[in-house]
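Chain residues, written in single-letter form:
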Amino acid sequence: MRISHTTPGGSEEYVHEIPQFGLGVFLMTDPGECRKAVLAALDAGYNHIDTARVYTNEDEVGEAIKESGVSRDSVFVTTKLRRTHATGYDEVLEHCQKSLELLDTDYIDLYLVHAPPEDPEHRAPVWKGMEYCLEQGWVKAIGVSNYGPAHLESMREYASYLPSVNQVEFNPWLQRPHLVQATKDVGAEVMAYSPLARGHKVGDPKLVEIAERLGCTPAQVAIKFCYDEGCITIPKSSNPSRIVENIKSLDIDISSEMDSIKGLECNYVSGWDPTTEP
Ligand SMILES: NC(=O)c1ccc[n+]([C@@H]2O[C@H](COP(=O)([O-])OP(=O)(O)OC[C@H]3O[C@@H](n4cnc5c(N)ncnc54)[C@H](OP(=O)(O)O)[C@@H]3O)[C@@H](O)[C@H]2O)c1
């Protein structure tokens, strides 16, 4: 998939390719857990890893990529500026450099502001810092996460480059058409986190019935739904057989069940939702 930064004037700059499917590594905190999961994922054909400073495993992501023997440019690495670090321009530069060091890499493919900085006064300088990281080539693309329509719209006042991605919770139980449209309106792609609603919904009886009709697993239905809706989709699993099961969802045709899957919408937020904060 192609991502780019739209200037407020409407032109596109810093065009970049992003794999539309990847492994999320949130809550992989046992020593070696993240390294093993990333190795299993790369072996299964994944080429995109989504981490964050707050997950405290950027070092294991970097180690696994090196250990796997795949070339750095064949793996897309997304990481995020921790919310408590999103307090000013200099802080962004400092923490981007720290993530580069932890990942042990020369560049980050996509760097996201993890959530709207809590102090609205910090939002413009933080984004200016992100733009500096982009211009320096420390990162190939920049974006945001958990930004709601109002946060995105106000970026037009201070951004030289609008975000390429907005990473938000998206799954069959939380489809967010208004937020998806607001993301597209600034020229960004939706990156769907918690495609399995953190595992809370894998046993949903209606999902199980749909999966039985399709001849696949419930998790595969939810993952393929996010993907087919055009989202960059990043399910997490530390379990090697589920890591394989999840990427195999890309081969499944769910088109005959799209209406029933859309009918699962129930505005269920599995984690946090800063998109509605002022
Ligand atoms: N930007 C943000 O604020 C934000 C917030 C949340 C998540 N994220 C990103 O999005 C990624 C994915 O979201 P998530 O980790 O919240 O949740 P998720 O991917 O929706 O669900 C992960 C849970 O589902 C289980 N699971 C995975 N595959 C399964 C399968 N095939 N069958 C049954 N259960 C399965 C996992 O357990 P096992 O590991 O035991 O398989 C884990 O408990 C994160 O890892 C992170 O990279 C970002």
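Just above sits the structure.
In what follows, the accompanying structure is described. This structure is a prediction, so every number in the text was calculated from the model and none was measured.

## A closer look at the site of the ligand
Then, number 1: In the region of the ligand, 29 residues are neighbours, and Asp50, Leu196, Lys236, Ser237 and Arg242 sit closest.
Then, number 2: Here an oxygen atom of the ligand sits 3.5 Å away from a polar atom, N or O, in the main chain of glycine 199.
Then, number 3: Relative to its free-state accessible area of 900 Å², the ligand is covered by the protein chains to the extent of 88%.
Then, number 4: In this structure the site holding the ligand corresponds to the largest pocket.
Then, number 5: The element that contributes the greatest number of residues to the shell around the ligand is helix H9 (residues 240-248), accounting for three residues.
Then, number 6: Looking at the shell around the ligand, its residues break down into twelve nonpolar, eleven polar and six charged.

## Focus on the packing of helix H7 (residues 205-214) against helix H8 (residues 218-228)
If you want to describe how two helices pack, look at the angle between their axes and the distance between the axes.
Then, number 1: In the contact formed by H7 and H8, the axes pass within 8 Å of each other and the chain directions differ by 90°. Classified by the interaxial angle, the pair formed by H7 and H8 is roughly perpendicular. Facing H7, whose interface residues are Leu207, Val208, Ile210, Ala211 and Leu214, H8 presents Pro218, Val221 and Ala222.
Then, number 2: Split by residue class, the contact of H7 with H8 holds eight nonpolar, no polar and no charged.

## A look at helix H6 (residues 177-185)
Then, number 1: Looking at H6, one finds that the buried residues are Leu179, Val180, Ala182 and Thr183. Considered in projection along H6, the buried side chains sweep an arc of 165° and stay on one side of the axis. Exposed residues on H6 whose side chains face more than 90 degrees from its buried face are Pro177 and His178.
Then, number 2: Residues of H6 that are buried sit in contact with helix H5 (149-155), strand S8 (165-169) and strand S9 (189-193).
Then, number 3: Downstream of H6 by one or two residues, glycine 187 has phi in the positive range, about 80°.

## With respect to the environment of leucine 112
Then, number 1: Considering the arrangement of structural elements, one finds leucine 112 in strand S6 (residues 110-113).
Then, number 2: Separated by 103 residues in sequence, leucine 112 and glycine 215 place their C-alpha atoms 36 Å apart.
Then, number 3: Once residues within four sequence positions are removed from consideration, leucine 112 is found in contact with Thr78, Thr79, Lys80, Leu81, Met130, Gly143, Val144, Ser145, Val165 and Gln167.

## Some points on the sheet that holds strand S7 (residues 142-145)
Then, number 1: What the eight strands build is an open sheet, ordered S3-S4-S5-S6-S7-S8-S9-S10; its pairing is parallel. One side of each edge strand has no neighbouring strand; the edge strands of this open sheet are strand S3 (23-24) and strand S10 (232-233).
Then, number 2: Bridge count between S3 and strand S4 (residues 48-50): two bridges; the pairing is parallel. Considered in S4, the bridge of leucine 23 is made with isoleucine 49.

## Details of the environment of proline 19
Then, number 1: Assignment of secondary structure puts proline 19 in the loop between strand S2 (12-17) and S3.
Then, number 2: Expressed as a C-alpha distance, the spacing of proline 19 and isoleucine 108, which sit 89 residues apart in the sequence, is 14 Å.
Then, number 3: Non-local contacts of proline 19, meaning those with residues more than four positions away in its chain, are made with Asn47, His48, Phe76 and Ile232.

## Observations regarding the packing of aromatic side chains
Then, number 1: Taken as a whole and assessed by the stated rule, the structure comprises six aromatic pairs.
Then, number 2: Ring centres of phenylalanine 26 and tyrosine 55 lie 5.0 Å apart, and the angle between their planes is 40°; this geometry places the pair in the tilted category. With phenylalanine 26 in the loop between S3 and helix H1 (33-44) and tyrosine 55 in the loop between S4 and helix H2 (58-68), this pair connects stretches of sequence that are 29 residues apart.
Then, number 3: Residue phenylalanine 26 is classed as partly exposed on the basis of its relative accessible area of 32%.
Then, number 4: Through successive ring pairs, a cluster of aromatic residues spans Tyr89, Tyr132 and Trp138.
Then, number 5: The cationic tip of arginine 72 hangs over the ring face of tyrosine 107; the distance from NZ or CZ to the ring centre is 4.2 Å.
Then, number 6: One Lys or Arg, lysine 201, reaches over the ring of tyrosine 268 and ends 4.5 Å from the middle of that ring.

## Quick notes on the layout of surface pockets
Then, number 1: A volume near 730 Å³ is recorded for the largest pocket.
Then, number 2: Around the largest pocket, the lining is made up of 31 residues, and of these Phe26, Leu27, Ser194, Arg198 and Lys236 lie nearest the centre.
Then, number 3: Residues that form the lining of the largest pocket fall into these classes: 13 nonpolar, eleven polar and seven charged.

Rules used in this analysis
- Residues numbered from 1 in each chain as written.
- Predicted model: local features only at pLDDT ≥ 70, side-chain atom pairs only at ≥ 80, totals over all residues.
- Heavy atoms only, no water.
- Near = heavy atom within 4 Å.
- Polar contact = N/O pair within 3.5 Å; in protein donor to acceptor, adjacent residues only side chain to side chain.
- Areas by Shrake-Rupley, 256 points an atom, 1.4 Å probe, with all protein chains shown as cover.
- 1 Å grid on protein atoms, 1.4 Å probe; cavity = no way out; pocket = protein on both sides within 12 Å on 5 of 7 lines; lining within 4 Å.
- Sits in = over half its atoms within 2 Å of the grid points.
- Helix = DSSP H or I, 4+ residues; strand = E, 2+ residues; numbered from the N terminus.
- Nonpolar A, V, L, I, M, F, W, Y, C, P; charged D, E, K, R; others polar.
- Axes fitted to C-alpha atoms, helices over the stretch in contact; angles between N-to-C directions.
- Parallel < 35°, antiparallel > 145°, perpendicular 65-115°, else oblique.
- Contact = heavy atoms within 4.5 Å.
- Buried < 20%, exposed > 50% of the residue type's maximum accessible area, 1.4 Å probe, protein only.
- Arc of directions from axis to C-beta.
- Pairing = 2+ DSSP bridges.
- Phe/Tyr/Trp six-rings, centres within 6.5 Å; stacked < 30°, edge-to-face > 60°.
- Lys NZ or Arg CZ within 6 Å of the ring centre and 35° of its normal.
- Points joined across faces, edges and corners; volume = space filled by probe spheres on them.

Keep in mind these numbers describe shape, not what the thing actually does.
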